[in-house]
Amino acid sequence: MRHFNKIAVAAAAIFVATASPVHAADKVTADDTARFLAGMPPSAGSPLTALTSDPSWQRHARFFDAAFGQLEQRQLSRIRAWTGVNLAAPKPTMFYMFSGPDFLYADAFFPNATTYVLSALEPPGSVPDLTRLPRGGVGAALYNVERSMSSILSFSFFITRSMKLDLGDGQLNGTLPILYIFLARSGKTIRDVSPIALDDKGAAHFANENPGRNPTRGVRIVFGVRQLRCSRT
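Residues numbered from 1 in each chain as written. Predicted model: local features only at pLDDT ≥ 70, side-chain atom pairs only at ≥ 80, totals over all residues. Heavy atoms only, no water.

### As for the side chain of H60
Okay, so step 1: Locating H60 in the fold gives a position in helix α2 (residues 55-86).
Okay, so step 2: Within the structure, the side chain of H60 is placed 2.6 Å from the side chain of E146, a separation counted as a polar contact.
Okay, so step 3: The residues contacting H60, other than those within four sequence positions of it, are F36, L37, A38, G39, L142 and E146. (Helix = DSSP H or I, 4+ residues; strand = E, 2+ residues; numbered from the N terminus. Polar contact = N/O pair within 3.5 Å; in protein donor to acceptor, adjacent residues only side chain to side chain. Contact = heavy atoms within 4.5 Å.)

Spelled out as structure tokens, the structure:
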């Protein structure tokens, strides 16, 4: 069986961390998309780089820089300090029921977990190729993301009804866009994103495997930790 650094499931979404190098690509990568949505510059040569000159993205980047900076000072740094004293013994699995896309606090409380299981009612949704959005679509999408995240940036929890309204019908829908942002802002590098389905026994099915009737669907995200140079086991 393969050994992964980190695995997380959110609304049946799975995240797996590795430490393999990232290679430049002509297409828009999931990691560049996550960084762009998080208000962070994509990698050099990314097709998304041209969109960072858009005033709406620059405003979005300033907004998230300030919001996450305040969140780090007000809450996350204190959580990490408390965790270092009270949760010093590493646990291999972090299970978080009704989490929504809240990878941010899962990572802050349990940064050394090897497996994260986030379970939520909201669908994972999708993240399109942002270079293919209609003119003006990027600005509108970024604004919706900001609105959907306003409660967790202010109060440390999501207001589910607001999140459903803001990310229900737009170009960026479901929890996946927010998971992208939290992964990027937590210092993670996304390697791969693929669908996953859980059958009625809880077994995971990938790619074209048949999960049977009424499966719980989500995504698997393979990601690495930017500051690490070698894989942890």
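Now, onward.
### Topic: unusual backbone geometry
Okay, so step 1: Unusually for a residue other than glycine, F98 sits at a positive phi of about 50°.
Okay, so step 2: Position of F98 relative to the elements: it lies in the loop between β3 (93-97) and α3 (103-109).
Okay, so step 3: Located in the positive-phi region is A207, a residue other than glycine, with phi close to 50°.
Okay, so step 4: Tracing the backbone through its elements, the reader meets A207 in the loop between β6 (204-206) and β7 (216-225).

### Let's talk about the environment of T49
Okay, so step 1: Tracing the backbone shows T49 in the loop between α1 (30-37) and α2.
Okay, so step 2: Look at T49 and you get partly exposed, because its relative accessible area is 35%.
Okay, so step 3: Between the C-alpha atom of T49 and that of T131, which follows or precedes it by 82 residues, the distance is 9.9 Å.
Okay, so step 4: The residues contacting T49, other than those within four sequence positions of it, are P42 and S43. (Buried < 20%, exposed > 50% of the residue type's maximum accessible area, 1.4 Å probe, protein only.)

### Side note on helix α6 (residues 176-185)
Okay, so step 1: Most of α6 sits out of view: nine of its ten residues are buried.
Okay, so step 2: The set of residues buried in α6 consists of L176, P177, I178, L179, Y180, I181, F182, L183 and A184.
Okay, so step 3: At the exit of α6 stands G187, carrying a positive phi of roughly 85°.

Remember that the coordinates give geometry; whether it matters functionally is a separate question.
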